[in-house]
Amino acid sequence: MTDEVLLRLAATIKSRRSESSDKSYTRQLLDAGPAKCAKKLGEEAFETALAGVGESDMALSAEAADLIYHLLVLLESRHINIADVLAILESRQGTSGLVEKASRGTSTS
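These lines cover the structure that appears in this document, whether it is placed above or below. These numbers come from a predicted model, not from an experiment.

On to helix 5 (residues 82–92), then. Between a side-chain oxygen at the N-terminus of helix 5 and the backbone nitrogen of Ala-83 the separation is 2.7 Å; the capping residue is Asn-81. Looking one or two residues past helix 5, Gly-94 carries a phi angle of roughly 85 degrees, positive in sign.

Scanning the model with the defined rule gives five salt bridges in all. Measuring nitrogen to oxygen at the nearest pair gives 2.9 Å for the salt bridge that ties Arg-27 to Asp-31. In this pair, Arg-27 and Asp-31 are both assigned in helix 2 (residues 25–32), four residues apart and thus about one turn of the helix distant. Judged by its relative accessible area of 22%, Arg-27 is partly exposed. Asp-31 sits in the partly exposed class, given a relative accessible area of 47%. Across the pair Glu-43 and Lys-40 runs a salt bridge whose closest N-O atoms are separated by 3.6 Å. Taken together, the positions of Glu-43 and Lys-40, both in helix 3 (residues 34–54) and three residues apart, correspond to about one turn of that helix. Judged by its relative accessible area of 31%, Glu-43 falls in the partly exposed class. Exposure remark for Lys-40: the relative accessible area of 19% places this residue in the buried category.

The next subject is the nonpolar core. In terms of nonpolar packing, the biggest core is built from twelve residues, these being Ala-10, Ile-13, Leu-29, Leu-30, Cys-37, Leu-41, Tyr-69, Leu-72, Val-73, Leu-74, Leu-75 and Ile-82. Elements with a minimum of two residues in this core: helix 1 (5–15), helix 2, helix 3 and helix 4 (57–77). Ranked by residues supplied to this core, first place goes to helix 4 with five residues. Not counting residues within four places of it along the chain, the set of residues in contact with Leu-41 comprises Leu-67, His-70, Leu-71 and Leu-74.

About the criteria used
Residues numbered from 1 in each chain as written. Predicted model: local features only at pLDDT ≥ 70, side-chain atom pairs only at ≥ 80, totals over all residues. Heavy atoms only, no water. Polar contact = N/O pair within 3.5 Å; in protein donor to acceptor, adjacent residues only side chain to side chain. Helix = DSSP H or I, 4+ residues; strand = E, 2+ residues; numbered from the N terminus. Salt bridge = Lys/Arg side-chain N within 4 Å of Asp/Glu carboxyl O. Buried < 20%, exposed > 50% of the residue type's maximum accessible area, 1.4 Å probe, protein only. Core = buried A, V, L, I, M, F, W, Y, C linked by side-chain atoms within 4.5 Å. Contact = heavy atoms within 4.5 Å.

The structure is reproduced here in structure tokens:
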């Protein structure tokens, strides 16, 4: 696998918009809209957190993969390109997380 796996997966998810909904789970999620996609992402985040404290490394890895997939589906449901998200991450490289967070004016949670 290369770093481009996220870009390929995002492209596959985008292509599912033209698939039949009875053959594509991704299409069903996209058809349900951003609220459903966000709900599913939240469920996956919870499962990933639980795996992080109480399951095997393999289980955590599998849950993390599900979480990333559902994040990409949510982004696609809102027509947000993964390249835009990656560009933000790139722009934050070399900046202390504490400094970056303070610049956004958010809490420390």
